[in-house]
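# Chain and residue survey
What follows is each chain in one-letter form.
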Amino acid sequence: MNRQYEDSDVFAKSLDEKDALNLFREEFYIPKHAGKDVIYFCGNSLGLQPKTANTHLQSELKSWRENGVGGHFTGDKPWVRYHEFSKRPLAELIGSSTQEVVSMNSLTTNLHLLLASFYQPSGDRVKVIVEEGAFPSDHFAVESHMRMKGIDPAQHLEILGLDSNGYLSPQKIAETISQLGQQLALILLPGVQYYTGQLLNIKLITQLAHEVGALAGFDLAHAIGNVPLALHDDQVDFATWCSYKYLNSGPGNVSGIFIHDRHGKSPNTPKLTGWWGHHDHTRFQMKTTFDPMPGADGWQLSNVNVFGTAIHHASLDIFQRAGIQRLRQKSISLTGFLEFLITENVLLNDRVTIITPSNPTERGCQLSLIIKQQGKAIFEKLVSEGIVVDWREPNVIRVAPTPLYNTFTDVYQFYKTLKMILSK
């Protein structure tokens, strides 16, 4: 038995009392069910609303109301520079310089822009690796770029198979990269796999890709705001993400990109271009010879959506105060407590399989559960009891205790409710 945890609500409350991050829960609106706060374990799909979101949004609505077009150049956050104000907090979250990151567009749009730059097949080097069970958008985007370049995905899109545990093993990744060698152009993998919750070794994967002359890109939709990242030091070539999951920035809100300096500062890096990627010193001279902004900013097409980004700023302010390293430590404890409660209880251990890696260094906030019988019905019963989790076909309930607003008592109440449902 893991003596670090105990099966009791008193113990859960004691952990909450010791939790220095517990105060951040008060900065979010918690949805209600039957007049009580729900247990919200769905931040891996849509994060909760920061209470300051309205203040940030109203500030920009006021500027528009009072200044009209002048809002582009007035106030503390003039709109012409609005994308700049999220750079520092994003750089802290992903481990980059501010020049390597910019918020813009949506995730799949950005993925297409990045593939247009970094998938440049030449000679025999045409193959791309994605994982088995990749999020559909990633798969669709890669296939479309291959077809547009006259390359048959059926022949050259390599699907990285899962091991017997359903994971992407480092050994399998290394073997696949080595076997493809000079045929490999690009690897596109997740930071955290959305279905299993597995956290990949980004540094190792990037190193292996570079050893054979390929590039490494990552979809960080389930990683940013979830785990600390070090994209610059890990030598990652490019990455993109959304902001509506762990970043709590609202449904469909702004994405972001990372471009390593060695590409962002190089005039030889191909890109699809737009007016906002043109150097801001001469942008309004309206010249038609493209002069790119340095770094990731050169990939911008249009000015950022101000109202959506205002809410993004509200959430990023909270992350700066909480600190991703502290959040990570609490996250490990939350999932560790939940894992303990499930595996140490005879009923749950018999009926529930956790398919997320047990090693906390190989997972983020999420535990993916397979209920061996009537999984969808159990999921629906949890929801009816005021517990918001996520069902993913064919048979997984994703449970994501999020350290900014979830508590150890939340975890214990989920455990008690699941136990009650299964006992019936």
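In case you missed it, the structure is sitting above this.
Everything numeric in this text was worked out from a predicted model, so none of it was measured.

## Regarding the overall build of the chain
In terms of helices and strands, the chain carries 14 helices and 15 strands. Viewed in the frame of its principal axes, the chain has a C-alpha envelope of about 70 × 60 × 35 Å. The burial tally for the chain puts 55% of its 424 residues in the buried class. In the chain, the share of contacts with a sequence separation of at least 24, taken over all contacts with a separation of at least 6, comes to 70%. With an accessible surface of roughly 18200 Å², the chain has 51% of that area assigned to carbon and sulfur atoms. Of the side-chain charges in the chain, 39 are positive and 43 negative, and the distance between the mean point of each set is 4 Å.

## Focus: the packing of aromatic side chains
Applying the stated criterion to the full structure yields 21 aromatic pairs. Taken together, a centroid distance of 6.2 Å and an interplanar angle of 75° make the contact between Y82 and F85 edge-to-face. Here Y82 falls in the buried class, since its relative accessible area comes to 1%. A residue is classified by how much of its surface remains accessible, and F85, at 24% relative accessible area, is partly exposed. An angle of 80° between the planes, with centres 5.0 Å apart, marks the rings of F135 and Y194 as edge-to-face. On the criterion of sequence distance, the pair formed by F135 in the loop between β5 (127-131) and α5 (136-148) and Y194 in the loop between β7 (184-190) and α8 (202-211) is long-range, its members being 59 residues apart. With a relative accessible area of 32%, F135 lands in the partly exposed category. An aromatic cluster is built from Y5, F11, F337, F340, F408, Y412 and Y415, whose rings are joined through pairwise contacts. One cation-aromatic arrangement involves R283 over W276; the distance from NZ or CZ to the ring centre is 4.1 Å.

## A word on the pairing of β5
Burial within β5 is extensive, with 5 of its 5 residues counted as buried. Along β5, one buried face is formed by K127, I129 and E131 and the opposite face, lined by V128 and V130, is buried too. One ladder, built from 3 bridges, connects β5 with β7; its direction is parallel. When the sheet's bridge partners are listed, I129 is paired in β7 with I187. As judged from the 4 bridges shared by β5 and strand β6 (residues 157-160), these two strands associate in the parallel manner. Looking at β6, one finds that I129 is bridged to E158.

## A word on α5
With 13 residues, α5 ought to run about 18 Å at 1.5 Å a step, and its terminal C-alpha atoms sit 18 Å apart, in line with that. Here α5 has its buried residues at D138, A141, V142, E143, H145 and M146. Against the buried residues of α5 lie α4 (107-118), β5, α6 (153-156), β6, β7 and β8 (215-219).

## Description of the environment of N395
Within the secondary structure layout, N395 lies in the loop between β14 (390-392) and β15 (396-399). N395 sits in the partly exposed class, given a relative accessible area of 31%. Linking N395 and Q373, residues 22 residues apart in sequence, is a C-alpha distance of 9.7 Å. Within the local environment of N395, its side chain forms a polar contact with the side chain of Y195, the two groups lying 2.9 Å apart.

## Some points on a nonpolar patch on the surface
On the surface, F73, W275, F284 and M286 cluster together into a nonpolar patch covering about 480 Å² of accessible area. Looking at where W275 falls in the secondary structure, it is placed in the loop between α9 (261-264) and α10 (306-322). When its relative accessible area of 39% is taken as the criterion, W275 is described as partly exposed.

## Some words on empty space enclosed by the protein
In this approach the atoms are scanned with a rolling probe the size of a water molecule, which exposes any empty space left behind. Summed over all chains, the structure comprises 1 cavity of 30 Å³ or more. Looking at the largest cavity, its volume works out to about 30 Å³. For the lining of the largest cavity, the class distribution of residues is 5 nonpolar, 3 polar and no charged.

The rules behind each value
Residues numbered from 1 in each chain as written. Predicted model: local features only at pLDDT ≥ 70, side-chain atom pairs only at ≥ 80, totals over all residues. Heavy atoms only, no water. Helix = DSSP H or I, 4+ residues; strand = E, 2+ residues; numbered from the N terminus. Buried < 20%, exposed > 50% of the residue type's maximum accessible area, 1.4 Å probe, protein only. Contact = heavy atoms within 4.5 Å. Areas by Shrake-Rupley, 256 points an atom, 1.4 Å probe, with all protein chains shown as cover. Lys, Arg positive; Asp, Glu negative; His and termini not counted. Charge placed at Lys NZ, Arg CZ, Asp CG, Glu CD. Phe/Tyr/Trp six-rings, centres within 6.5 Å; stacked < 30°, edge-to-face > 60°. Lys NZ or Arg CZ within 6 Å of the ring centre and 35° of its normal. Pairing = 2+ DSSP bridges. Expected span 1.5 Å × (residues − 1). Polar contact = N/O pair within 3.5 Å; in protein donor to acceptor, adjacent residues only side chain to side chain. Patch = residues over 30% accessible without salt bridge, like charges linked within 9 Å, V, L, I, M, F, W, Y side chains within 5 Å. Salt bridge = Lys/Arg side-chain N within 4 Å of Asp/Glu carboxyl O. 1 Å grid on protein atoms, 1.4 Å probe; cavity = no way out; pocket = protein on both sides within 12 Å on 5 of 7 lines; lining within 4 Å. Points joined across faces, edges and corners; volume = space filled by probe spheres on them. Nonpolar A, V, L, I, M, F, W, Y, C, P; charged D, E, K, R; others polar.

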